[in-house]
Amino acid sequence: MDRAQKQESIETLKGVFADAGAVVVTHNLGLTVAEMTDLRGRLRKEGAQLKVVKNTLAQKALDGSIGEAGDALFTGPVAIAFAPDPVSAAKVVAQYAKENDKLSIVGGFMGQQVLDKAGVGALATLPSLDQLRGKLIGLIQAPATKVAGVLQAPAGQLARVFGAYANKDAA
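For the structure given in this document, a descriptive report is provided here. (Residues numbered from 1 in each chain as written. Predicted model: local features only at pLDDT ≥ 70, side-chain atom pairs only at ≥ 80, totals over all residues. Heavy atoms only, no water.)

**Considering the overall build of the protein chain**
Heads up, the rule is: Counting from the N terminus, the helices are DSSP H or I runs at least four residues long and the strands are E runs at least two residues long. This radius of gyration counts C-alpha atoms alone. The globule rule is 2.2 Å times how many residues there are, raised to the power 0.38. Relative accessibility thresholds used throughout: buried, under 20% of the residue-type maximum; exposed, over 50%; partly exposed, between the two (1.4 Å probe, protein chains only). Note on contacts: a residue pair qualifies if any of its non-hydrogen atoms lie within 4.5 Å across the two residues. In this count, Lys and Arg are taken as positive residues and Asp and Glu as negative ones, while His and the chain termini are left out. Just so you know, the charge point we use is NZ for Lys, CZ for Arg, CG for Asp and CD for Glu.
For the protein chain, the helix and strand inventory stands at seven helices and five strands. Written out in order from the N terminus, the α and β elements of the protein chain read α-β-α-β-α-α-β-α-β-β-α-α. Since a compact globule built from 171 residues should have a radius of gyration of about 16 Å, the 26 Å found for the protein chain marks it as more spread out than a globular shape. Once the C-alpha set of the protein chain is aligned to its principal axes, its extents read approximately 95 × 30 × 30 Å. Within the span of the protein chain, comprising 171 residues, buried residues form 34% of the whole. When contacts within the protein chain are restricted to residue pairs at least 6 apart in sequence, long-range pairs at least 24 apart make up 78% of them. Once the 19 positive and 16 negative side-chain charges of the protein chain are each reduced to a mean point, those two points are 5 Å apart.

Listed below in structure tokens is the structure:
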């Protein structure tokens, strides 16, 4: 990799770090190509990505912005998972790490805050943005549904009374 390619890679990583809701740093020693493809597919379904990075280039892209604790994450065979949503990448990687011993979570960072393995695990347990939106819509629709049910009940009872009188008169 020549100097221009390294500089381009650093700029790309700076963009990734700036746009990502959270970045999960993993060690991927021993993962086969098929396993990496499976992990990338799972991440893609959630709108996240996985990128294998060179440690020195990642540290230069961070430029000390998250401190020495952040730079310490980048040792060994590192891949980063990231997404605009802070939860989705952490959720998929944590689930995959439970299923496959070759992938281990080192930590991560969200903005300026460095997360350890437990922090990434806690982030993975939070509901995703789509799940939160679904809950909000359900909460907003629930009162309207109840009001519609209450308003329909007297009309339904009235219709049943009239139906009973009609059947009584017909008999």
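**Digging into the packing of helix H5 (residues 88-99) against helix H6 (residues 117-125)**
Rule in force here: Fitted lines through C-alpha atoms give the axes, limited to the stretch in contact for helices. The angle between two N-to-C directions lies from 0 to 180 degrees. Any angle that is under 35 degrees is reported as roughly parallel, and any over 145 degrees as roughly antiparallel; angles of 65 to 115 degrees are reported as roughly perpendicular and all others as oblique. Ten residues, namely Ala, Val, Leu, Ile, Met, Phe, Trp, Tyr, Cys and Pro, are considered nonpolar, four, namely Asp, Glu, Lys and Arg, are considered charged, and the remaining ones, Gly among them, are considered polar.
Packing of H5 against H6 brings their axes to within 8 Å, and their N-to-C directions diverge by 110°. Classified by the interaxial angle, the pair formed by H5 and H6 is roughly perpendicular. Across from Ala90, Lys91 and Ala94 in H5, the residues of H6 making contact are Val120, Leu123 and Ala124. Across the contact of H5 with H6, the residue classes break down as five nonpolar, no polar and one charged.

**Quick look at a positive patch on the surface**
The test is simple: Note that patches include only residues with greater than 30% relative accessible area and no salt bridge, and the join distances are 9 Å for like charges and 5 Å for nonpolar side chains (Val, Leu, Ile, Met, Phe, Trp, Tyr). In short, Shrake-Rupley with a 1.4 Å probe defines the accessible areas, and a residue's cover is counted only from the protein chains shown. The salt bridge definition used is simple: a Lys or Arg side-chain nitrogen within 4 Å of an Asp or Glu carboxyl oxygen.
A contiguous patch of positive charge, built from Arg3, Lys6, Lys54 and Lys60, is present on the exposed surface. Locating Arg3 in the fold gives a position in helix H1 (residues 3-19). Residue Arg3 is classed as exposed on the basis of its relative accessible area, which comes to 74%.

**Comments concerning the sheet that holds strand E5 (residues 113-115)**
Neighbouring strands of a sheet are bound in pairs by backbone hydrogen bonds; such pairs are parallel or else antiparallel. To keep it simple, the criterion reads: A pair of strands is considered paired only if DSSP assigns at least 2 bridges between the two.
Read from one edge to the other, the open sheet built from five strands follows the order E2-E3-E1-E4-E5, with strand pairing classed as antiparallel. The outermost strands of the open sheet, each flanked by one partner alone, are strand E2 (49-52) and E5. Ignoring which end each strand starts from, the neighbouring axes of this sheet average 20° apart. Relative to strand E3 (residues 78-83), strand E1 (residues 22-27) is paired through six bridges, and the arrangement is antiparallel. For His27, the partnering residue across the bridge sits in E3 and is Val78. Against the sheet, helix H2 (residues 33-45) makes contact with E2 and E3, and its axis sits at roughly 140° relative to E2, the strand it touches most.

**Re the side chain of Asp85**
Within the fold, Asp85 resides in the loop between E3 and H5. Although Asp85 is buried, it makes no salt bridge; Lys91 carries the closest opposite charge, 7.9 Å away.

**Thoughts on the pairing of strand E4 (residues 104-110)**
Judged from the five bridges that link them, E1 and E4 form a sheet pairing that is antiparallel. In the sheet register, His27 faces E4, and the bridge partner there is Ser104. Across three bridges, the pairing between E4 and E5 is antiparallel. Across the sheet, residue Phe109 finds its bridge partner in E5, namely Val114.

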